[in-house]
Amino acid sequence: MDNKMGKIEPYSAKQHLSPNQLNMYMRCSAQWMFRYVEGIKIRPGISLLFGNCFDEVSNTNFRQKMETFEDLPVDDLKDCFVTEWDGNKDRYQIEEDDKPEEKREQGILLVDHWRKTRAPAIQPAGVQEKLSFSRPEHPYDIIQYSDVITADSGIIDNKTTTKSPSKDKETGVYLPKSNDHIVQMSLYEIGYEQKFGERPEYLELDYAVIKKDPDNIQVQWTPRDYHRKYVLSLIDMVTHGIESKVFIPNRGNFLCSKRFCGYAAICEAEFGGKVKE
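Residues numbered from 1 in each chain as written. Predicted model: local features only at pLDDT ≥ 70, side-chain atom pairs only at ≥ 80, totals over all residues. Heavy atoms only, no water.

Outline the environment of proline 214, listing residues and values.
In this fold, proline 214 is placed in the loop between β8 (202-209) and β9 (215-220). For proline 214 and serine 244, which are 30 residues apart along the polypeptide, the C-alpha to C-alpha distance reads 46 Å. Excluding its chain neighbours within four sequence positions, the residues that come into contact with proline 214 are Leu109, Leu110, His113 and Val209. (Helix = DSSP H or I, 4+ residues; strand = E, 2+ residues; numbered from the N terminus. Contact = heavy atoms within 4.5 Å.)

Quick rundown of the nonpolar core? Include the residues and the values.
In terms of nonpolar packing, the biggest core is built from 25 residues, with Leu17, Leu22, Trp32, Phe133, Leu187, Ile235 and Ile242 touching the most fellow members. Elements supplying a minimum of two residues to this core: α1 (19-27), α2 (29-37), β5 (140-142), α6 (179-196) and α7 (225-243). Per-element tally for this core: the top contributor is α7, with 6 residues. Those residues in contact with isoleucine 235, other than ones at most four positions away along the chain, are Leu22, Phe133, Arg135, His138, Ile142 and Leu187. Grouped together as the second largest cluster of nonpolar side chains are 24 residues, Val82, Tyr92, Val111 and Val148 included. (Core = buried A, V, L, I, M, F, W, Y, C linked by side-chain atoms within 4.5 Å. Buried < 20%, exposed > 50% of the residue type's maximum accessible area, 1.4 Å probe, protein only.)

A description of unusual backbone geometry should follow, citing residues and the corresponding values.
Where the residue is not glycine, phi is negative for most of them; where a peptide bond is considered, it is trans in most cases. Despite not being glycine, lysine 99 shows a phi value in the positive range, around 55°. Residue position: lysine 99 is located in the loop between α4 (74-88) and α5 (100-117). One non-glycine residue with positive phi stands out, namely serine 153, at about 65°. Mapping serine 153 onto the fold places it in the loop between β6 (145-150) and β7 (154-161). Judged by relative accessible area, serine 153 falls into the partly exposed class, the value being 23%.

Here you go:
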């Protein structure tokens, strides 16, 4: 596959970047440095625990559905969420004001709603499928795994969120919630084309909305050529920054706070200044 940004080749065995790493570097390259250069691992918070437990429910259901063409019973999937939560919660940084027991119950309700209203419409052909690719002029490969590849050649990525995506004012169509999601889905499309020789029929962000009455909102979104150029340019620029050792604390980012970043104290010690509470 050729494009204006250079030839794309199958995944090799070089160092790698993931969509999450690219987005982290753009959000705060100092955070990327602490994690991937200095190797400092900070326990993630309750939001990631919630998302990972929901992903395990999806993976468990759809792996067996590829063979059975039937979803698991709702109680089995609720048990799956609870087992994953209880077995892994100690690996996460959970504070009392995170209300972990309340979040756990919200997760059970969300799984119940998702299984009854969304899962039946999806027939998977692949779960956690590797869609990686290599660019010969770069020292880093892109490694990524799609949540679900459907039998009708689509890609579905699961997201858990407390806020519903917004709608385009002119068309009334739901939009991806963030630039991070646009980057991720654009890279999935490139990896899919490299693996299967054609672009996917559609890309979909499935937002499972956490609230008193849970909701599921699907956002189908198609990258344009300019999105491809954009994400391949990001790989260029992030690669250049890493190789040039450019690591800047982005104190202007709204996520730069002691509440949202576990590296806050280290960042203050390394770079000076104060990270907001």
